[in-house]
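# Observations on the three-dimensional arrangement
The lines below spell out each chain.
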Amino acid sequence: QVTPLLQIIEQHGWTPEKLAGDKGYSAGWVRELLRQLGITPVIAHRDNEGGRQGDFDRESYRQRNVVERCFNGLKWLRRVATRYEKLALHYLGMLKLAILYRFYLD
């Protein structure tokens, strides 16, 4: 999913300083693509991965869990987790309601 994400980033003219990913995104071509775009990759290396290059920003990688906890906090609502809504607009509405309830009203 990194390629579509990077295409959206380019289309909107956004250039983040860093992009974090778990070990599933640990591939040389992903890191090279990010560097070509001027983005510092913050991706953990796999244990069996040879030829590790560059330093690894552990502090930035640890902050990645904030986003993951946010998504996990929304999964408690089954309707959001399984995407019952057929239309994107309705799903967005349910997602907003879940955010309001979970983080502001709970």
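Quick look at the structure, then. Since this is a predicted model, take the numbers as computed values, not measurements. (Residues numbered from 1 in each chain as written. Predicted model: local features only at pLDDT ≥ 70, side-chain atom pairs only at ≥ 80, totals over all residues. Heavy atoms only, no water.)

Residues Trp76, Leu97, Ile99, Leu100, Tyr101, Phe103, Tyr104 and Leu105 make up a contiguous nonpolar surface patch of roughly 860 Å² in combined accessible area. If you trace the backbone, Tyr104 turns up in helix H6 (residues 88-105). For Tyr104, a relative accessible area of 63% puts it in the exposed group. (Patch = residues over 30% accessible without salt bridge, like charges linked within 9 Å, V, L, I, M, F, W, Y side chains within 5 Å. Areas by Shrake-Rupley, 256 points an atom, 1.4 Å probe, with all protein chains shown as cover. Salt bridge = Lys/Arg side-chain N within 4 Å of Asp/Glu carboxyl O. Helix = DSSP H or I, 4+ residues; strand = E, 2+ residues; numbered from the N terminus. Buried < 20%, exposed > 50% of the residue type's maximum accessible area, 1.4 Å probe, protein only.)

Let us look at the side chain of Ser60. Within the element layout of this structure, Ser60 appears in helix H3 (residues 58-62). With relative accessibility at 18%, the residue Ser60 sits in the buried group. Among the polar contacts made by the side chain of Ser60, one reaches the side chain of Lys18 at a distance of 3.0 Å. Within the structure, the side chain of Ser60 is placed 2.6 Å from the side chain of Asp57, a separation counted as a polar contact. What Ser60 contacts, discounting residues up to four positions off in sequence, is Lys18 and Val42. (Polar contact = N/O pair within 3.5 Å; in protein donor to acceptor, adjacent residues only side chain to side chain. Contact = heavy atoms within 4.5 Å.)

Glancing now at the packing of aromatic side chains. Inspection of the entire model under this criterion finds one aromatic pair. On the numbers, 5.5 Å between centres and 40° between planes, the contact of Trp76 with Tyr101 is tilted. With Trp76 in the loop between helix H4 (64-74) and helix H5 (78-81) and Tyr101 in helix H6, this residue pair connects regions lying 25 residues apart in the sequence. For Tyr101, a relative accessible area of 42% puts it in the partly exposed group. The residue whose ring lies beneath Arg83 is Tyr91, and the NZ or CZ to ring-centre distance is 4.6 Å. (Phe/Tyr/Trp six-rings, centres within 6.5 Å; stacked < 30°, edge-to-face > 60°. Lys NZ or Arg CZ within 6 Å of the ring centre and 35° of its normal.)

What follows is about the nonpolar core. Ranked by size, the top nonpolar core spans nine residues in total: Val2, Leu6, Ile9, Leu19, Ala27, Val30, Leu34, Ile39 and Ile43. For this core, the elements supplying multiple residues, two or more each, are helix H1 (2-12) and helix H2 (28-36). Those residues within four positions of Leu19 in sequence are excluded, and the remaining contacts are Val2, Leu5, Ile9, Leu34, Ile39, Thr40, Pro41, Val42 and Ile43. Core analysis: the second largest hydrophobic core is formed by five residues, Leu74, Val80, Met94 and Ala98 among them. (Core = buried A, V, L, I, M, F, W, Y, C linked by side-chain atoms within 4.5 Å.)

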